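Residues per chain, in single letters:
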Amino acid sequence: MNRRKKVAGMFWLPVLLFALALTGCGKTGGAQGENEYSQETGTGTNVVEIKKDGVISNTTEEDFEAEDYGEEEMLREFVLRTAADCNIQLGGEEIAVKKLEVKKERVTLVMEYGTGEAFSVFNGYPFFYGTVAEAYEKGYDLNVELQEAGSETGASIGKDQLLEMGSRSIIITQPLPKEYLTIRTSGKILYISGAECVKSNEAKIDTIEEGGSREMIYIVFK
């Protein structure tokens, strides 16, 4: 197995690295696209944080075994090259590798993205972050039922009420079946679908069975 295929097995370097080894940078997921590729995620953490300045930060951590993934410097070189290739595709410096560290047989990677599109290109699955109005303009399906976060009565809203919140922030994503995420927002989560709101500004997305079809996930927040 060559080093690119070894690195591609890590859950925090998802389908894009496998695709890169064959064709180039990861493919951007569209508003209605389906993910056909799935993979095991392993044991670790995968946290996406929306910062107040709009930057999307992604911190991932898992066990590191050199015989499986190559030496640390080899891995670092590959990640940096991948980010650079994706930035060329995006036409700007939208992706930054902020940290890659191997310590006590654990590897930690911190990435920052200037836009949801940049996150999507690097990670190989749809990820939109912006306002409800912007999502509608880009053609995302907003004909959905969202549950009020933290509601004990099961209160929900539909498309009409969602469109009335045009200036509110929204995340729309569809991770790979075996992918899991913790998403921390810069404001209180108001409505949600396809994920569990575990704190006022935190949602968890679990894995699903390999080969299964994951629904689109919506998170509306202040």
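Before any of the text, the structure's been laid out above.
Our subject in this report is the structure included herewith. (Residues numbered from 1 in each chain as written. Predicted model: local features only at pLDDT ≥ 70, side-chain atom pairs only at ≥ 80, totals over all residues. Heavy atoms only, no water.)

## Considerations on the overall build of the protein chain
Thought 1: Of the regular secondary structure elements, the protein chain holds seven helices and 13 strands.
Thought 2: The buried share of the protein chain, reckoned over its 222 residues, is 48%.
Thought 3: At a minimum sequence separation of 6, the contacts of the protein chain that also span at least 24 residues come to 67%.
Thought 4: As displayed, the protein chain offers around 10,900 Å² of accessible surface, 44% of which is attributable to carbon and sulfur atoms. (Helix = DSSP H or I, 4+ residues; strand = E, 2+ residues; numbered from the N terminus. Buried < 20%, exposed > 50% of the residue type's maximum accessible area, 1.4 Å probe, protein only. Contact = heavy atoms within 4.5 Å. Areas by Shrake-Rupley, 256 points an atom, 1.4 Å probe, with all protein chains shown as cover.)

## Some details on helix H4 (residues 72-90)
Thought 1: Relative to the 27 Å expected for 19 residues at 1.5 Å per residue, H4 spans 27 Å between its end C-alpha atoms, a close match to the ideal helical length.
Thought 2: For H4, the full list of buried residues reads Leu 75, Phe 78, Val 79, Thr 82, Ala 83, Cys 86 and Asn 87.
Thought 3: Taken from the residues just after H4, Gly 91 is the one with a positive phi, measuring 80°. (Expected span 1.5 Å × (residues − 1).)

## Re the sheet that holds strand E7 (residues 156-157)
Thought 1: If you trace the six strands from one edge of the open sheet to the other, you get E5-E8-E13-E10-E6-E7, paired in antiparallel fashion. Edge strands, defined here as strands with exactly one partner in the open sheet, are strand E5 (127-131) and E7.
Thought 2: Looking at chain direction, strand E10 (residues 189-193) and strand E13 (residues 217-221) are connected through four bridges and run antiparallel. Across the sheet, the residue bridging to Tyr 191 is Val 220, located in E13. (Pairing = 2+ DSSP bridges.)

Read these as spatial facts, not as claims about activity.
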